[in-house]
Amino acid sequence: MKIAILSRDATLYSCQRLVEAARARGHSVEVIDPLSCYMNINPGSSAIHYRGLQLEHFDAVIPRIGPSTSFYGMAVLRQFEMCGSYPLNESLAIARARDKLRSMQLLARAGIAMPITGFAHSPDDTSDLIKMVGGAPLVVKLLEGTQGIGVVLAETRQAAESVIDAFRGLNAHILVQEFIKEAQGRDIRCLVIGGEVVAAIERVAKEGEFRSNLHRGGSARRVAIDHRERQIAVGAAATLGLDVAGVDILRAERGPLVMEVNASPGLEGIEKTTGLNIAAMMIGWIEQQARPGFCLKTGG
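Note that the structure is predicted; figures quoted are calculated from it, not measured.

Hey, could you go over the environment of Ala-237 for me, with residue numbers and the actual values?
Tracing the backbone shows Ala-237 in helix α7 (residues 227-240). Owing to a relative accessible area of 1%, Ala-237 belongs among the buried residues under this scheme. Taking the C-alpha atoms as reference points, Ala-237 and Ile-270, 33 residues apart in sequence, are found 17 Å from one another.

So this is what it looks like as structure tokens:
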């Protein structure tokens, strides 16, 4: 097969591993910077041009689009879909996952357990917003934050009010979420491919930190998950329509809770921690799904 990887940086670990895995399985693969693409959008002659040339047909496309390039990157991915390339995660599913509020609304509607969450824009009644999620301690997040950036733990009511007031001054959309104390700065990253959890790691926050993101200095170890955790991870990915997803789960006293669903999960942490070839599993899923005359699923 001929496979395209949409990425701004071919030197990133995840991108390199996907290239290696595809070539090891006999496929032709090209890394394409989505911001260097431009599109001909016409009935019967839609095409993608790249650095002065029209791209030939690709059997499949792997989107590795960062949040900072979501708008244009998603437009390029949609154009590949229009031209008949099989997408490892459809543009519509990625859009659902990238919109934190929309993704939580969909998960809640599907009955997927999550921490109690409030959402506001410049709330007039900060006190009621805090009360709504069970009071302090609580977590305040900027809706647009990634990798733990824009996430603050407010340990007292006064601190929560101060943080919310400060975010209000930024004219920002604010998520307020209950703090799951018993998680003790740990979460579970489940890697889902094709409706199956293929790997799971426990991420542990560094001392004095409550965010377990590896980008924030956290550590990771391989972990066994139970049936409920496996079920909720698979359900969360399916709810958003993702074939490949990183589902972050907290172990709470009332059971597993989904914190976030990532449509473009990094491979370095989970591959190095588990020793598994996740990149090859992703290429394997493409081999099962990509086919001539591919037609996108429809949905909202």
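I'd love a proper account of the packing of helix α4 (residues 100-109) against α7, names of residues and values included.
Contact pair α4 / α7: the axes reach a minimum separation of 10 Å and the direction vectors enclose 115°. Our pair here, α4 against α7, has a crossing hand that is right-handed. Contacts between α4 and α7 involve Ser-103, Leu-106 and Leu-107 from the former and Ala-236, Thr-239 and Leu-240 from the latter. Residue classes in the contact of α4 with α7 are distributed as four nonpolar, two polar and no charged.

Lay out empty space enclosed by the protein with the relevant residues and their values.
Evaluated as defined, the whole model comprises one cavity of 30 Å³ or more. Along the walls of the largest cavity sit Ile-62, Pro-63, Arg-64, Leu-88, Asn-89, Val-244, Ala-263, Ser-264, Pro-265 and Met-282, which together make up its complete lining. Split by residue class, the lining of the largest cavity holds seven nonpolar, two polar and one charged.

Now, about the nonpolar core: what can you tell me, with residues and values included?
By size, the foremost hydrophobic cluster in this structure holds 43 residues, and its most contacted members are Ile-32, Phe-80, Val-247, Val-258 and Val-261. Sorting elements by how many residues they give to this core places α7 first, with five residues. Not counting residues up to four positions away in its chain, the partners in contact with Phe-80 are Ala-4, Leu-6, Ile-32, Ile-48, Leu-55, Phe-58, Val-61 and Ser-85. Membership of the second largest hydrophobic core comes to 28 residues, among which are Ala-21, Val-29, Ile-62 and Leu-88.

Which residues make up the sheet that holds strand β3 (residues 37-40), and what are the values?
Sheet strands pair via backbone hydrogen bonds, and the direction of the pair is either parallel or antiparallel. In spatial order, the strands read β3-β4-β5; together these three strands make up an open sheet with antiparallel pairing. In this open sheet, the two edge strands, each paired with only one partner strand, are β3 and β5 (53-54). Bridging between strand β4 (residues 47-50) and β5 involves two bridges; their strand directions are antiparallel. Counterpart to Tyr-50 in the pairing with β5 is Leu-53. Each of β3 and β4 is contacted by helix α2 (residues 70-82), which is oriented at about 50° to β3, the strand it contacts most.

Each value, and the rule that gives it
Residues numbered from 1 in each chain as written. Predicted model: local features only at pLDDT ≥ 70, side-chain atom pairs only at ≥ 80, totals over all residues. Heavy atoms only, no water. Helix = DSSP H or I, 4+ residues; strand = E, 2+ residues; numbered from the N terminus. Buried < 20%, exposed > 50% of the residue type's maximum accessible area, 1.4 Å probe, protein only. Axes fitted to C-alpha atoms, helices over the stretch in contact; angles between N-to-C directions. Left-handed = near helix turned anticlockwise from the far one by under 90°. Contact = heavy atoms within 4.5 Å. Nonpolar A, V, L, I, M, F, W, Y, C, P; charged D, E, K, R; others polar. 1 Å grid on protein atoms, 1.4 Å probe; cavity = no way out; pocket = protein on both sides within 12 Å on 5 of 7 lines; lining within 4 Å. Points joined across faces, edges and corners; volume = space filled by probe spheres on them. Core = buried A, V, L, I, M, F, W, Y, C linked by side-chain atoms within 4.5 Å. Pairing = 2+ DSSP bridges.

No statement about biological role is implied by the geometric values presented.
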